Amino acid sequence: MNIEQLNADYGIVNKVKIVAGKGGFPIIEINNEYANATLSLYGGQILSFQPVNQAEDIMFLSNQAYYQEGKAIKGGTPICWPWFGPDPEDKGRASHGFVRNRLWTIREIVTTQDGSTEVVMGLLDTPETRKIWDYSFDMSIAITVGNSLTVELTTRNTGDNSFSITQALHTYFRIGDINQVQVLNLEDLSYLDKVDGGKNKTQTGTVTFDGECDRIYLDVPSQLIIDDSALGRKIKITAANSNTAIVWNPGATISANMADLGDLDYQRFVCVETANAANEVIEVAAGSDFNLTANYSCY
Ligand SMILES: O=P(O)(O)OC[C@H]1O[C@H](O)[C@H](O)[C@@H](O)[C@@H]1O
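Because the structure is predicted, anything quoted here is derived from the model rather than measured. (Residues numbered from 1 in each chain as written. Predicted model: local features only at pLDDT ≥ 70, side-chain atom pairs only at ≥ 80, totals over all residues.)

*Asks:* Help me understand the overall build of the chain in this model?
*Replies:* Looking only at helices and strands, the chain features three helices and 22 strands. Against the globule reference of 19 Å for 299 residues, the chain gives a C-alpha radius of gyration of 18 Å, in line with a compact fold. Expressed as a percentage of its 299 residues, the buried residues of the chain come to 40%. Within the chain, contacts between residues at least 6 apart in sequence are counted, and of these 62% link residues at least 24 apart. (Helix = DSSP H or I, 4+ residues; strand = E, 2+ residues; numbered from the N terminus. Rg over C-alpha atoms; globule rule 2.2 N^0.38 Å. Buried ≥ 20, exposed ≤ 12 C-beta atoms within 10 Å, placed from the backbone. Contact = placed C-beta atoms within 7 Å.)

Structure (structure tokens):
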């Protein structure tokens, strides 16, 4: 992709610039009156979002992240699609699907009436994706950078047969200290504990962290809150068309063993993922759309 051409087509003076980022991947840099954000065409992925009144980014991005074809960028909001987690058909295909490691295209960048910036990126099936998953699709992600960040992931089935998907906005939220973080609004809900063989359990009290946590919460409310007392802020996640939420923190051992995470990174992020996962499988009929939406705000 030609960076100069992308700027000529989509740049907005003093607000939106496209630059060559790490690994040569095109990055959209947004600086408006509300926030600063960076988005990657590789993965169609948000990498950072910092409202102007926040001292720290809302997103966590690993310093050791890969910027390499075929690998996912660790941090921000990777998109898990058309499946969340391991290959549902056990065919040895990559975990979390294949769109987080493909180059998306820019479809539109505009300034909205209130001065927010809206970016739409898209991805179509190719002969290569058809070999992995034999359906035709048109994915788009609309990201609105304002006071808050809105993400709308749309799956359009452009083929003649219906298909089913699971998916997640696998967001890494920056926090001050994992030992002082609580996730609110999941109290008394059922979850599948992936650290304990997928057992179905019931949440007692707020979610706190003490070692590895990898859970799929079921029938979740539309609003979840990350209460981060070390940074003295709360992040509010408001979802639409999602009944499952994944809460993931690798803990010390996995963090140290993951090549694209620093040894102590587990202390500085928590993933709270807006998803359709586990038994929440979404059927997308031929010619129809499904919209998964999340809004992130901080107070
Ligand atoms: O390292 P990745 O493939 O990006 O996956 C990171 C994590 O994603 C999700 O939250 C899963 O529930 C975890 O089991 C997984 O370890």
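*Asks:* Would you mind showing me how to read unusual backbone geometry here?
*Replies:* Excluding glycine, a negative phi dihedral is what most residues carry, and trans is how most peptide bonds are arranged. Cis peptide bonds are those with omega within 30 degrees of zero, and the linkage from tryptophan 81 to proline 82 qualifies with 0 degrees. Secondary-structure assignment places proline 82 in the loop between β5 (79-80) and β6 (105-111). One non-glycine residue, histidine 96, adopts positive backbone phi at about 70 degrees. Within the secondary structure, histidine 96 is located in the loop between β5 and β6. Positive phi is not limited to glycine here, since aspartate 188 has a value of about 70 degrees. Mapping aspartate 188 onto the fold places it in the loop between β13 (181-184) and β14 (190-193). Residue aspartate 188 is classed as exposed on the basis of its C-beta count, with 8 C-beta atoms lying within 10 Å.

*Asks:* Explain the sheet that holds strand β7 (residues 117-124) here, please?
*Replies:* The pairing of strands in a sheet happens through backbone hydrogen bonds and is either parallel or antiparallel. As summarised here, the arrangement of the eight strands in space is β6-β7-β8-β9-β22-β18-β17-β13, forming an open sheet in which the pairing is antiparallel. Unpaired on one side and paired on the other, β6 and β13 mark the two borders of the sheet. When the angles between neighbouring strand axes are averaged without regard to direction, this sheet yields 15 degrees. Pairing between strand β8 (residues 137-145) and strand β9 (residues 149-157): nine bridges, direction antiparallel. When the bridges of β9 are listed, isoleucine 143 appears paired with valine 151. (Pairing = 2+ DSSP bridges. Axes fitted to C-alpha atoms, helices over the stretch in contact; angles between N-to-C directions.)

*Asks:* What am I meant to see in the nonpolar core here?
*Replies:* Proteins that are soluble and globular tend to have nonpolar side chains buried together. Among the nonpolar cores identified, the biggest contains 76 residues, and Phe173, Ile246, Val247, Val270 and Val272 are the most heavily contacted of them. Phenylalanine 173 has contacts with Ile58, Met59, Phe60, Ile226, Ile235, Phe269, Val270 and Val272, leaving out every residue within four places of it along the chain. (Core = buried A, V, L, I, M, F, W, Y, C linked by C-beta atoms within 7 Å.)

*Asks:* I'm lost on the environment of asparagine 31 in this one. Help?
*Replies:* Inspection of the secondary structure assignment puts asparagine 31 in strand β2 (residues 26-31). Under the C-beta neighbour-count criterion, asparagine 31 is labelled partly exposed, with 16 such atoms within 10 Å. In sequence terms asparagine 31 and tyrosine 42 are 11 residues apart; their C-alpha atoms lie 20 Å from each other. Ignoring anything within four residues of it in the chain, the contact list for asparagine 31 reads Lys15 and Asn36.

*Asks:* How do you make sense of the sheet that holds strand β4 (residues 45-51) when you look at a structure like this?
*Replies:* Spatially, the four strands line up as an open sheet ordered β1-β2-β3-β4, and their pairing is antiparallel. Either end of the sheet is taken by a strand with one partner, and the two such strands are β1 (16-20) and β4. Each strand axis lies, on average, 15 degrees off the axis of its neighbour in the sheet, ignoring direction. Inspection of the sheet shows β2 paired to strand β3 (residues 35-40) by five bridges, in the antiparallel sense. If you follow isoleucine 27 over to β3, its bridge partner there is serine 40.

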